[in-house]
Amino acid sequence: MNKLNSSIYLFPLHPVFNLKNTPPFETFDAEHSALLYSALTENYKEIFEAFEGKINSVFVFDDYDRNSLPALFNREGLNLLFGDTRNKSLMLKNLSDKYFNNYTNNLLIFSNSICLTANDIQQALNLLSINDEAVVIGKTAAGGITFLGFNTFNHELFDEIDWNNLNYDNFLLYTSKHEHFLHVIDNFLVIRNIEDFKNLYKELSKKESLSYCSQNMHEKFTQLFIEYKDLLK
């Protein structure tokens, strides 16, 4: 794979850091909802560092987060793009205009997910290099989507997505209308509800979780597990 012919993007579905505008996660209060979303986001920041100098990386945030970013995202040299997450079609258009057309393979990773290692990201990018007009999907056991990769940005395909009900079965219907080679990688986790939160606790209890979540990040998630231990029963 040629140097910098690929780009990865961390893409949020809503504000992550701004307490006033971050949506509540189930029964969590605003502070702990933001802690959950920010921990998931910061975890990917560590994973992306494995590709520094080899693959372009972009961190996408909601406009509301612009003045609430933690210090690690305010470093010089990071590619940041802000927009209105309520208008994801426009955000994708802005990404397309600025980045997609400049890279052969693009991988859009949703920031409410976890269990994705640097090796998984490399595998996804390798699959995109095999065929023209290829799409790669990261799938959860429950049918959620952790990432979408492509080597040709199809505006029509992405305009069809129902972002309020983003799941594998629906996306399969969209892709069936277009001629794409489809690759699927699974065994990931999207955090959307309490059941997912319970699964997050189980996954992070496994030794192999250190391949995608450092000890430092484990400690941040542990704060939430302690605060909401009654939900884990």
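Check the entry above for the structure.
Thoughts on the overall build of the protein
- Helix and strand counts for the protein come out as 7 helices and 8 strands.
- Here the C-alpha atoms of the protein give a radius of gyration of 17 Å, agreeing with the 17 Å that 2.2 N^0.38 yields for 233 residues.
- Looking at the protein residue by residue over its 233 residues, the buried ones come to 54%.
- The long-range fraction of contacts in the protein, counting pairs at least 24 apart against all pairs at least 6 apart in sequence, stands at 67%.
- Of the roughly 11300 Å² of accessible surface on the protein, 46% is carried by carbon and sulfur atoms.
- Looking at the protein, you have 20 positive and 30 negative side-chain charges, and the mean spots of the two groups are 4 Å apart.

Focus on helix H3 (residues 118-128)
- Taken residue by residue, H3 has Asp 120, Ile 121, Ala 124, Leu 125, Leu 127 and Leu 128 as its buried positions. Each buried residue of H3 lies within a common arc of 160° when the element is viewed along its axis, so the set occupies one face.
- Looking at the buried residues of H3, the elements they touch are strand S1 (6-11), helix H1 (30-48), strand S4 (105-110), strand S6 (134-140), strand S7 (145-150) and strand S8 (181-190).

Here's the deal with the environment of Asn 193
- Examined against the element boundaries, Asn 193 turns out to sit in the loop between S8 and helix H6 (194-204).
- Residue classification places Asn 193 among the partly exposed positions, given a relative accessible area of 28%.
- Expressed as a C-alpha distance, the spacing of Asn 193 and Asp 84, which sit 109 residues apart in the sequence, is 23 Å.
- Here Asp 196 takes part through its backbone nitrogen, which lies 2.9 Å from a polar atom of the side chain of Asn 193.

About the thresholds
- Residues numbered from 1 in each chain as written.
- Predicted model: local features only at pLDDT ≥ 70, side-chain atom pairs only at ≥ 80, totals over all residues.
- Heavy atoms only, no water.
- Helix = DSSP H or I, 4+ residues; strand = E, 2+ residues; numbered from the N terminus.
- Rg over C-alpha atoms; globule rule 2.2 N^0.38 Å.
- Buried < 20%, exposed > 50% of the residue type's maximum accessible area, 1.4 Å probe, protein only.
- Contact = heavy atoms within 4.5 Å.
- Areas by Shrake-Rupley, 256 points an atom, 1.4 Å probe, with all protein chains shown as cover.
- Lys, Arg positive; Asp, Glu negative; His and termini not counted.
- Charge placed at Lys NZ, Arg CZ, Asp CG, Glu CD.
- Arc of directions from axis to C-beta.
- Polar contact = N/O pair within 3.5 Å; in protein donor to acceptor, adjacent residues only side chain to side chain.

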